[in-house]
Each structure stands twice: as C-alpha cells, then as structure tokens.
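One-letter residues, chain by chain:
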Amino acid sequence: MSDREFTIVRTFDAPRELVFESWLDPDQLVLWAGPHGFSTPRDTIVVEPRVGGRYDSVMVSDTDGARYPSAGVFREIVAPERLVFTWGDPTGDGSADSESVATVTFAETEANKTTMTFHLLAPGPLAPEDGAREGWDQSLDRLVALLRQRAVTQSAAPRIRS
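Throughout this description, residue numbers start from 1 for each chain and increase along the sequence as written. Reporting of local features is limited, given that this is a predicted model, to residues whose pLDDT is at least 70; pairs of side-chain atoms are given and counted only at 80 or more, and all residues count toward the totals for whole chains, interfaces and linings. Side-chain numbers come from the whole structure's heavy atoms, not from hydrogens or water.

1. A look at the overall build of the protein chain
In step 1: The helix and strand labels rest on DSSP assignments: H or I over at least four residues marks a helix, E over at least two residues marks a strand, and numbering proceeds from the N terminus. From N to C terminus, the protein chain includes 3 helices and 8 strands.
In step 2: Reading the protein chain from its N terminus to its C terminus gives the helix and strand order β-α-α-β-β-β-β-β-β-β-α.
In step 3: Type-normalised accessible area, obtained with a 1.4 Å probe on protein chains alone, sets the label of each residue: buried when under 20%, exposed when over 50%, and partly exposed for intermediate values. Buried residues in the protein chain amount to 41% of all 162 residues.
In step 4: Residue contacts follow a heavy-atom distance rule, with two residues in contact if any of their heavy atoms lie within 4.5 Å. The contacts in the protein chain between residues at least 6 apart in sequence include a share of 52% that link residues at least 24 apart.
In step 5: To be clear on the numbers: accessible area is Shrake-Rupley with a 1.4 Å probe, and residue cover counts the displayed protein chains and nothing else. Carbon and sulfur atoms form 52% of the exposed surface of the protein chain, whose accessible area is close to 9,000 Å².

2. Regarding the pattern of salt bridges
In step 1: Any Lys or Arg side-chain nitrogen found within 4 Å of a carboxyl oxygen on Asp or Glu counts as a salt bridge. Overall, the coordinates contain 9 salt bridges when judged by the stated rule.
In step 2: Between Arg-10 and Asp-141 there is a salt bridge; the shortest N-O distance is 2.8 Å. Of the two residues, Arg-10 sits in strand E1 (residues 3–12) while Asp-141 sits in helix H3 (residues 132–156), which places them 131 residues apart along the sequence.
In step 3: A salt bridge links Asp-27 to Arg-42, with the shortest nitrogen-to-oxygen separation between them at 2.9 Å. Linking Asp-27 in helix H2 (residues 26–32) with Arg-42 in the loop between strand E2 (38–39) and strand E3 (46–47), this pair joins segments that are 15 residues apart in sequence.
In step 4: Look at Asp-27 and you get partly exposed, because its relative accessible area is 48%.
In step 5: What you see here is one network of salt bridges that share partners, running through Glu-48, Arg-50, Arg-54 and Asp-56.

3. Some points on the environment of Ile-45
In step 1: Looking at the element boundaries, Ile-45 is found in the loop between E2 and E3.
In step 2: On the basis of relative accessible area, Ile-45 is assigned to the buried category, the value being 7%.
In step 3: Distance in space between the C-alpha atoms of Ile-45 and Val-30 is 7.8 Å, their sequence separation being 15 residues.
In step 4: Once you skip the residues sitting within four places of it in the chain, Ile-45 turns out to touch Pro-26, Leu-29, Val-30, Thr-40, Asp-56 and Ser-57.

4. Comments concerning unusual backbone geometry
In step 1: Pro-80 follows Ala-79 through a cis peptide bond whose omega is -10°.
In step 2: As for its position among the elements, Pro-80 is in the loop between strand E5 (67–78) and strand E6 (82–88).

5. A word on the nonpolar core
In step 1: Within the largest apolar cluster, 31 residues are counted, with the highest numbers of intra-cluster contacts made by Trp-23, Phe-85, Phe-118 and Trp-136.
In step 2: Among the elements that make up this core, the one with the highest residue count is H3 (7 residues).
In step 3: For Trp-136, the residues in contact, after removing those within four places along its chain, are Phe-6, Ile-8, Trp-23, Phe-85, Trp-87, Phe-118 and Leu-120. Grouping buried Ala, Val, Leu, Ile, Met, Phe, Trp, Tyr and Cys residues that are joined through side-chain atoms within 4.5 Å yields what is termed a nonpolar core.

6. Notes on the side chain of Gln-138
In step 1: One can find Gln-138 in helix H3.
In step 2: A relative accessible area of 18% places Gln-138 in the buried class.
In step 3: If near-sequence neighbours (up to four positions away) are discounted, Gln-138 is found in contact with Pro-35 and His-36.

Purely spatial values, then, with no claim about function.
Right under this line is the structure:
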C-alpha cells in the first residue's frame, strides 16, 4: 500500500497567532471547516487543544443533510507555530488504517502576514475522485475569506482617542 500526500500553502493578512487560533477555536471552526456546500454545526465540534486531546466534528451536506463525521487526536501543539494531528477522513471507513496525519505550520512572513503550510499524509493511493485535497483546499479558501473579513472589520472599527 502506498501513501498519498499533498501540501497546500496559503498566505493570510493576519498575525500568525490569529491564524493558529482559528484551528483550535470551535466558534471559528464553524465558520470555515468544510468544503463548499457543507456546514459544520457548532454542536458537533469538540476541540481539546492539548497533546493527546481529541477533536470531533460532523460536516453536513447543505443539499441532502448527509452527515460526515471526522475525529482525530492532537499529536503536537506548538503555539503559534505548529499543529500535528490525526485526521479521520469523513469519507473513509473510520478504521485506523484510513487515518491520516496533518501537519500545519504557521510562519510570520512580515508584519501581520502569515504563511500557513498544510501537509496531509494519508494511507492508500491518491485518486482524483478521493476529494481530500479539493475539500481541504475549499476549507482553507473559506479560512482566508474569514480572516480577510475580520481584518477589514477591525480596520473599519472606530478608534477611541484618549
């Protein structure tokens, strides 16, 4: 059996602490976790942000209500630089043999800009119909949009002068 892997890089107009936190805060995950056409209800998200802590979530198809659970365990958390966690592919069979490992790194490239690198290593061959890369790509697009919107909102907020 061969491994499949891919890497996705995104640049955010946000400090790396904010980008890092968006991976661990259920109130933010509800806004970006899942590809287009899916939502992840807040009551399905559990995050225990510590080594050995778990996360659980359920993506729900916006068209037919089909539910796709995913779960994993945090293997490494180095705030705000790195996350390593197992990922149970919601389209997989749920067995340990189908468990992937995701590594996410956060590099501050200049003031208030962060380059995030997402790397997934999964068992089995990578097939075009698999959808893992496309799903993560779309989720990360949603995260970029969320953080861009927050930056615009914060810059438009009135400033109090003392």
